[in-house]
Amino acid sequence: MEVLPEPLVASEPLLRALDGSAAMQAVLTVEDRVGETPGDIWLEVSSNLQGVSIDLPEPLNKAVPEAWPLSLRYPIRAENPLCSVDLKDRIKMLFDVPDGFDGLRRAHFQLGPGAASLPSAGEFSLAGDVSRLDLDAWVQSLTDRFAERSADGDLVLKPILLHADSLLMLGR
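The following refers to the structure shown. Just so you know, these numbers come straight off a predicted model, no measurement behind them. (Residues numbered from 1 in each chain as written. Predicted model: local features only at pLDDT ≥ 70, side-chain atom pairs only at ≥ 80, totals over all residues. Heavy atoms only, no water.)

1. Re the overall build of the protein chain
Thinking step 1. For the protein chain, the count of helices and strands is two helices and eleven strands.
Thinking step 2. Taken from N to C terminus, the helices and strands of the protein chain fall in the order α-β-β-β-β-β-β-β-β-β-α-β-β.
Thinking step 3. Contacts in the protein chain between residues far apart in sequence, at least 24 positions, make up 43% of those at least 6 positions apart.
Thinking step 4. Total accessible area computed for the protein chain in this model is approximately 10700 Å², and 56% of it derives from carbon and sulfur atoms. (Helix = DSSP H or I, 4+ residues; strand = E, 2+ residues; numbered from the N terminus. Contact = heavy atoms within 4.5 Å. Areas by Shrake-Rupley, 256 points an atom, 1.4 Å probe, with all protein chains shown as cover.)

Right, here's the structure in full:
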């Protein structure tokens, strides 16, 4: 069974960096109806991702045997449809997801430990604090990602607020 829908993987080249399989636990929560308003429905998935490799630059490169605690909370139907993905102390991602996953309204990635908070509508923000960042490899990965996608519907990138103890840039 595919965990990520094929249209999502096809529309997001960076998801192709994931390979393998891992044990997962899933919980489907159906909240009670309030009057005439249907209750929210949430899918929550957790895993240690052992058995999955992630072929992305540092600090998100993962070998198959490593355990990286993952928690995902996805709105099937929700009044406030915020999808969250948390790879403990590595990255937290928040997405404001309209019904039917027809693009994103806004998104935030928080590298390293720290709280993630969403920017204004139409914006994408990136912040964080990491021990090592391979900027050369990230520029290449993101260039490849944006070369494959149409700019239609993409979010506007806010200024990046990122600290790295060690930065690899221009081969140094």
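Having put the structure on the table, let's press on.
2. Looking at the pairing of strand 3 (residues 41–47)
Thinking step 1. As paired elements, strand 2 (residues 24–30) and strand 3 share seven bridges and run antiparallel to each other. In the sheet register, Val27 faces strand 3, and the bridge partner there is Glu44. (Pairing = 2+ DSSP bridges.)

3. Side note on the pattern of salt bridges
Thinking step 1. One pass over the structure, following the stated rule, counts three salt bridges.
Thinking step 2. A salt bridge links Glu58 to Arg132, with the nearest nitrogen and oxygen atoms 2.7 Å apart. Highlighted residues: Glu58 in the loop between strand 4 (52–54) and strand 5 (70–77) and Arg132 in strand 9 (residues 123–134), separated in sequence by 74 residues.
Thinking step 3. For Arg106, the salt bridge is made with Asp96, and the minimal N-O distance between the two is 3.0 Å. Linking Arg106 in strand 8 (residues 106–111) with Asp96 in strand 7 (residues 91–96), this pair joins segments that are ten residues apart in sequence. (Salt bridge = Lys/Arg side-chain N within 4 Å of Asp/Glu carboxyl O.)

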